[in-house]
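Below, each chain spelled out in residue letters.
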Amino acid sequence: MIWKKKINLNNINNSMKNTMAEYLQINIEEVGDNFIRASMPVNEKTIQPFGILHGGASVVLAETVGSVASNLCLNDDQYSVGLDINANHIKSVRDNLVEAITKPIHIGRTTHVWEIKITQREKLTCLSRLTTVVLDR
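What you see is a predicted model; the values in this text were computed from it and never measured.

Take the environment of Val133 next. Within the element layout of this structure, Val133 appears in strand β6 (residues 123–136). Separated by 51 residues in the primary sequence, Val133 and Gly82 place their C-alpha atoms 6.4 Å from one another. Each residue touching Val133, except ones within four places of it in the same chain, is listed here: Tyr79, Ser80, Val81, Leu83 and Thr110.

Structure, rendered in structure tokens:
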């Protein structure tokens with residue numbers, strides 16, 4: 001297992017109160033041995049004028065789930081923040097919700113790299129990669 005912190009879904013989701021993640025209704029659903037799964041509804045807060053999921057909302061979901069994962073890999077005297085993110089939008093989505101699963105590509109001393117796959121009904125809608133930098137508190 002890669003996590004250095006105690007995993008409590010309620011605490012993780014409560015830590016996102018009063019943030020963009022809460023506004024977009026992003027919810028961490030599951031933490032496995034080496035992955036985190038989150039969901040986000042496709043609704044009036046997350047669509048663009050053509051009625052499909054806004055690419056920026058997908059990026060917010062990707063950065064949220066990747067950042068949560070990165071921070072769970074660190075001791076209490078460190079934290080991580082996003083350094084770089086990219087996203088390839090593969091398939092448009094109009095309704096329901098999307099799920100994001102993040103897995104590590106690299107967990108180093110000063111940087112982490114995470115792959116985030118966003119899907120709907122098991123079909124890939126967005127593929128993202130997040131690099132975070134590790135900082136001392």
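Read on, since the account is not over.
All right, on to unusual backbone geometry then. With a phi angle near 50°, Arg121 is a residue other than glycine that sits in the positive phi range. Assignment of secondary structure puts Arg121 in the loop between β5 (111–120) and β6. Among the residues examined, Arg121 registers a relative accessible area of 58% and is labelled exposed. The phi torsion at Glu122 lies on the positive side, around 65°, for a residue other than glycine.

Within the secondary structure, Arg37 is located in strand β2 (residues 36–41). A polar side-chain atom of Arg37 sits 3.1 Å from a polar atom in the side chain of Glu99. Apart from the residues lying within four places of it in its own chain, the contact partners of Arg37 are Asn27, Ile28, Glu29, Glu30, Glu99, Ala100 and Ile101.

Read from one edge to the other, the open sheet built from six strands follows the order β1-β2-β4-β5-β6-β3, with strand pairing classed as antiparallel. Looking along the sheet, the strands with just one partner apiece sit at the ends: β1 (27–31) and β3 (78–89). Here the average twist between neighbouring strands, direction ignored, is 25°. Pairing of β5 with β6 involves ten bridges; the strand directions are antiparallel. When the sheet's bridge partners are listed, Ile118 is paired in β6 with Cys126.

So, on to the nonpolar core. One recurring pattern in soluble globular proteins: nonpolar side chains tend to sit buried together. Grouped together as the largest cluster of nonpolar side chains are 30 residues, with contacts concentrated most on Ile28 and Ile36. In this structure, Ile28 is in contact with Leu9, Ile12, Asn13, Met16, Ile36, Arg37, Ala38, Val65 and Val68, ignoring residues within four places of it in sequence.

Right, let's get into the pattern of salt bridges. Scanning the entire structure with this criterion turns up four salt bridges. A salt bridge links Lys17 to Glu22; its shortest N-O distance comes to 3.8 Å. Residue classification places Lys17 among the partly exposed positions, given a relative accessible area of 44%. On the basis of relative accessible area, Glu22 is assigned to the partly exposed category, the value being 35%.

What counts, and where the lines are drawn
Numbering of residues starts from 1 in each chain and follows the order in which that chain's sequence is written. Local features are withheld for residues below a pLDDT of 70 in this predicted model, meaning they are given only at 70 or higher, and side-chain atom pairs are given and counted only at 80 or more; totals for whole chains, interfaces and linings count all residues. With hydrogens and water set aside, each side-chain value is computed from the structure's full complement of heavy atoms. Strands here are runs of E lasting at least two residues and helices are runs of H or I lasting at least four, both read from the DSSP assignment and numbered beginning at the N terminus. We call two residues in contact whenever any of their non-hydrogen atoms come within 4.5 Å of each other. Throughout this description, buried means an accessible area under 20% of the type-specific maximum (1.4 Å probe, protein chains only), exposed means over 50%, and partly exposed covers the range between. For the purposes of these results, a polar contact is taken to be a pair of N or O atoms within 3.5 Å, where, inside protein, one atom must be able to donate a hydrogen and its partner to accept one; residues adjacent in sequence count only when each atom of the pair is a side-chain atom. For two strands to be treated as a pair, DSSP must find no fewer than two bridges joining them. A fitted line through C-alpha atoms serves as each axis, taken over the contacting stretch for helices, and the angle formed by two N-to-C directions is quoted from 0 to 180°. In this text, buried Ala, Val, Leu, Ile, Met, Phe, Trp, Tyr and Cys residues form a nonpolar core when linked through side-chain atoms within 4.5 Å. What counts as a salt bridge is simple: a side-chain nitrogen of Lys or Arg found within 4 Å of a carboxyl oxygen of Asp or Glu.

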